[in-house]
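Analysis of the macromolecular model
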Amino acid sequence: MKKLFLFLLLLSVLNEAPMLSPITVTTYQTEKVLPSTIIHKTLVINSYVKNKETFHGYKYLSFLENTYTFSGGAHPDIQNRAHTFSLITGKELTLEDLFPIPKEALENKIKNWIFDVIKNNPEEYYPDAANIIDSMQLESFNFYIKNNHVVIFFNPYDIAPYAKGLTEFIIG
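Parameters at a glance
- Residues numbered from 1 in each chain as written.
- Predicted model: local features only at pLDDT ≥ 70, side-chain atom pairs only at ≥ 80, totals over all residues.
- Heavy atoms only, no water.
- Helix = DSSP H or I, 4+ residues; strand = E, 2+ residues; numbered from the N terminus.
- Buried < 20%, exposed > 50% of the residue type's maximum accessible area, 1.4 Å probe, protein only.
- Contact = heavy atoms within 4.5 Å.
- Polar contact = N/O pair within 3.5 Å; in protein donor to acceptor, adjacent residues only side chain to side chain.

**Quick notes on the overall build of the protein**
Scanning the protein for helices and strands turns up four helices and seven strands. When the helices and strands of the protein are placed in sequence order, the string is α-β-β-β-β-α-α-α-β-β-β. Within the protein, buried positions represent 30% of all 172 residues. Across the protein, the fraction of contacts at a sequence separation of at least 24, relative to all contacts at a separation of at least 6, is 47%.

Structure (structure tokens):
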């Protein structure tokens, strides 16, 4: 029921305005007292969540939720989550719902597709990227639909350096 509510709320918001939450700035201050010295430390955290519709067709609504948090350092922490819903049932879909083949065959097909891409461009990925993917279960893969294709994705640092950004594999 909660997911159906989220789905209906999303539909109403998509029709009204771009989905960008206000920027939240939180400041934390600490003081450490040393002999004849007071050190002040301030940590400022900027964060926001942005949702981007990736596909809206007759049967499906798919969107990517991007969470950005910056609390100092070389670059922000960016995490992405995706949600794909059936417009017929209101149910949030899994990869098994989208591909009518046995679970093990689907998991192997996705892994092999990704292994081929990594094999052809090994310099773009961590040396153990294939091992990380091989250890994953089907339910662990993040995905969304874009232009009638399923896109499997990984967040920065999952299997590649931050500079690569969102690592995407178009299946099919």
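**Structural notes on the side chain of Thr84**
Its place among the elements puts Thr84 in strand 4 (residues 77-86). Take Thr84: its relative accessible area is 2%, and that puts it in the buried class. Here Ser62 takes part through its side chain, which lies 2.8 Å from a polar atom of the side chain of Thr84. Beyond its immediate sequence surroundings of up to four residues, Thr84 is in contact with Leu61, Ser62, Lys91, Glu92, Leu93, Phe143, Tyr144 and Ile145.

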